[in-house]
Amino acid sequence: MAEASEREIKALIALLDDTDREVFEHVSDKLFSMGPGVIGVLEDAYTSIADQLTQQRIENLIHSIQFSLVKKELTEWMHSEPDDLLKGLLIMNRYQYPLADEDALMQRWQQFRKDIWLGLNMYLSPLEQIDVVNQVLFGQGGLTGTDEEKDAARFSFIGHVLESGRGNHFSIGLIYLALCQQLGLPVYGVLLRSHFILVRCREEILQIRDLNTLIDEVLFYINPYNRGLTFSEREIRNYIEKAGLEPVKHYFLPAGNLEVMAEYLRFLQDQFADSGAQWKCDDLEQLIHLLDKA
């Protein structure tokens, strides 16, 4: 950042404590328009300012800038690269952890991918292929489910799951799904209410619009939260009956990545609502609206 530009930013930051609302909004808008490049200077200013109001205004401004970047990246992803689920998950990880070390995260990811790829070959049956994925992720990789309630939302983000080895049904399922898709396995998400599961199909089928044809392509279902256990449609029907749900078709059918991402964000909303973080629920509502319009 050029020295003159940094001086300008600092001069604007000095005006954030102005009691005149019009002045404050003008300064805030000016800093916001400068984009992510001002965040470092704002963070430095935050640590050296004692006034709580100004600190709160800096916090809000940093969040607004970071969130605008998340919205931009998610919009670009859903219009140009929705088949790359990992990229969408990384965008959401940045929303929660903007300073995360993505290089370290990707090293862990690439090791999973390499180990699964080495275990796959053209002679394996679909069940045997899934056994390879399960062995890498849950055997040698040590991924496991958690039902920890304290700060539960952190177990929903890919970065924390890969770092800690623990996740919930949605985050582990998303990691499983993204790896399978990268390796060319026809595995898809299934939007079973309150539980995210996967389905292994005969081949890539999301271009097929006829629902009867879609169900004919289903080979079996996968529960990543239970170490990749495979099961049949009958178990879904039993679950639906016990939960008192209507057996609607999408509980059995493969879903596209945009649908999966929207459902994931709704799941995050519920978790943040439970913790009282309403502002995050509001953020996620905006992102869900973007996906629903796609």
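Above this note sits the structure.
Residues numbered from 1 in each chain as written. Predicted model: local features only at pLDDT ≥ 70, side-chain atom pairs only at ≥ 80, totals over all residues. Heavy atoms only, no water.

A.B. asks: Lay out the overall build of the protein chain with the relevant residues and their values.
C.D. replies: A tally of helices and strands in the protein chain yields 13 helices and six strands. For the protein chain, the spread of C-alpha atoms along the three principal axes comes to 65 × 40 × 35 Å. The buried share among the 294 residues of the protein chain stands at 46%. Of the contacts formed within the protein chain by residues at least 6 apart in sequence, a portion of 59% connects residues at least 24 apart. By element, 48% of the accessible surface of the protein chain is carried by carbon and sulfur atoms, the whole surface being about 15600 Å². If the 27 positive side-chain charges of the protein chain are averaged to one point and the 46 negative ones to another, these points end up 4 Å apart. (Helix = DSSP H or I, 4+ residues; strand = E, 2+ residues; numbered from the N terminus. Buried < 20%, exposed > 50% of the residue type's maximum accessible area, 1.4 Å probe, protein only. Contact = heavy atoms within 4.5 Å. Areas by Shrake-Rupley, 256 points an atom, 1.4 Å probe, with all protein chains shown as cover. Lys, Arg positive; Asp, Glu negative; His and termini not counted. Charge placed at Lys NZ, Arg CZ, Asp CG, Glu CD.)

A.B. asks: Explain the sheet that holds strand β6 (residues 229-231) to me, and be specific about the residues and the numbers.
C.D. replies: Strand pairing within a sheet occurs via backbone hydrogen bonds; the two strands may be parallel or antiparallel. Taken in spatial order, the four strands of this open sheet run β3-β4-β5-β6, and their pairing is antiparallel. On the outer flanks of this sheet lie β3 (187-192) and β6, each paired with one strand and no other. Within this sheet the neighbouring strands show an average axis-to-axis angle of 35°, counted without direction. Two elements, β3 and strand β4 (residues 195-201), share six bridges in a ladder whose sense is antiparallel. If you follow Val-187 over to β4, its bridge partner there is Arg-200. Against the sheet, helix α11 (residues 233-243) engages β3, β4, β5 (218-223) and β6, with an angle of about 20° to β3. (Pairing = 2+ DSSP bridges. Axes fitted to C-alpha atoms, helices over the stretch in contact; angles between N-to-C directions.)

A.B. asks: Summarise the side chain of Arg-57; cite the residues concerned and give the values.
C.D. replies: Structurally, Arg-57 is set in helix α4 (residues 52-80). For Arg-57, a relative accessible area of 12% gives the class buried. Not counting chain neighbours up to four residues away, the residues in contact with Arg-57 comprise Leu-16, Asp-17, Asp-18, Arg-21 and Phe-24.

A.B. asks: Any chance you could break down the nonpolar core for me, citing the residues and the numbers?
C.D. replies: Judged by nonpolar contacts, the single largest core of 62 residues is most densely connected at Met-92, Tyr-176, Met-261, Tyr-264, Leu-265 and Leu-287. Of all hydrophobic cores here, the second largest spans 16 residues; its members include Ile-9, Val-27, Leu-42 and Ile-58. (Core = buried A, V, L, I, M, F, W, Y, C linked by side-chain atoms within 4.5 Å.)

A.B. asks: I'd like to hear about helix α2 (residues 21-33), residue by residue, with values.
C.D. replies: Along an α-helix, a turn takes 3.6 residues, which lines up residues three or four apart on a common side. Between its first and last C-alpha atoms α2 spans 18 Å; for 13 residues at 1.5 Å apiece the expected length is 18 Å, and the two agree. Phe-24, Val-27, Ser-28 and Leu-31 are the residues of α2 that are buried. Projected down its long axis, α2 carries its buried residues within an arc of 100°, all on one side. Residues of α2 that are exposed and point over 90 degrees away from its buried face: Glu-22, His-26, Asp-29 and Ser-33. Residue Gly-35 follows α2 closely and has a positive phi angle near 80°. (Expected span 1.5 Å × (residues − 1). Arc of directions from axis to C-beta.)

A.B. asks: So what about the packing of helix α5 (residues 85-96) against helix α13 (residues 278-293)? Which residues, and what values?
C.D. replies: It is at 13 Å that the axes of α5 and α13 come closest, and there the two elements cross at 155°. Between α5 and α13, the crossing angle belongs to the class labelled roughly antiparallel. As for how α5 packs across α13, the hand of that crossing is right-handed. Here Met-92, Tyr-95 and Gln-96 of α5 lie close against α13, whose contacting residues are Trp-279, Lys-280, Asp-283, Leu-284 and Leu-287. The residue makeup of the contact of α5 with α13, split by class, is five nonpolar, one polar and two charged. (Parallel < 35°, antiparallel > 145°, perpendicular 65-115°, else oblique. Left-handed = near helix turned anticlockwise from the far one by under 90°. Nonpolar A, V, L, I, M, F, W, Y, C, P; charged D, E, K, R; others polar.)

A.B. asks: Report on α13, specifying residues and quantitative values.
C.D. replies: Taking 1.5 Å per residue, 16 residues should reach 22 Å; α13 reaches 23 Å between its end C-alpha atoms and fits that length. When α13 is considered as a whole, its buried residues turn out to be Lys-280, Cys-281, Asp-283, Leu-284, Leu-287, Ile-288, Leu-290 and Leu-291. If you follow the buried residues of α13, they end up packed against α4, α5 and α12 (257-274).

A.B. asks: A description of the environment of Val-38 should follow, citing residues and the corresponding values.
C.D. replies: Residue position: Val-38 is located in the loop between α2 and α3 (39-48). With relative accessibility at 2%, the residue Val-38 sits in the buried group. Along the sequence, Val-38 and Leu-143 sit 105 residues apart, while their C-alpha atoms lie 38 Å from each other.

A.B. asks: Which residues make up unusual backbone geometry, and what values go with them?
C.D. replies: Leave glycine aside and you will find that most residues have negative phi; peptide bonds, for their part, are mostly trans. Phi at Arg-227 takes a positive value of approximately 55°, unusual for a residue other than glycine. Take Arg-227: it is sitting in the loop between β5 and β6.

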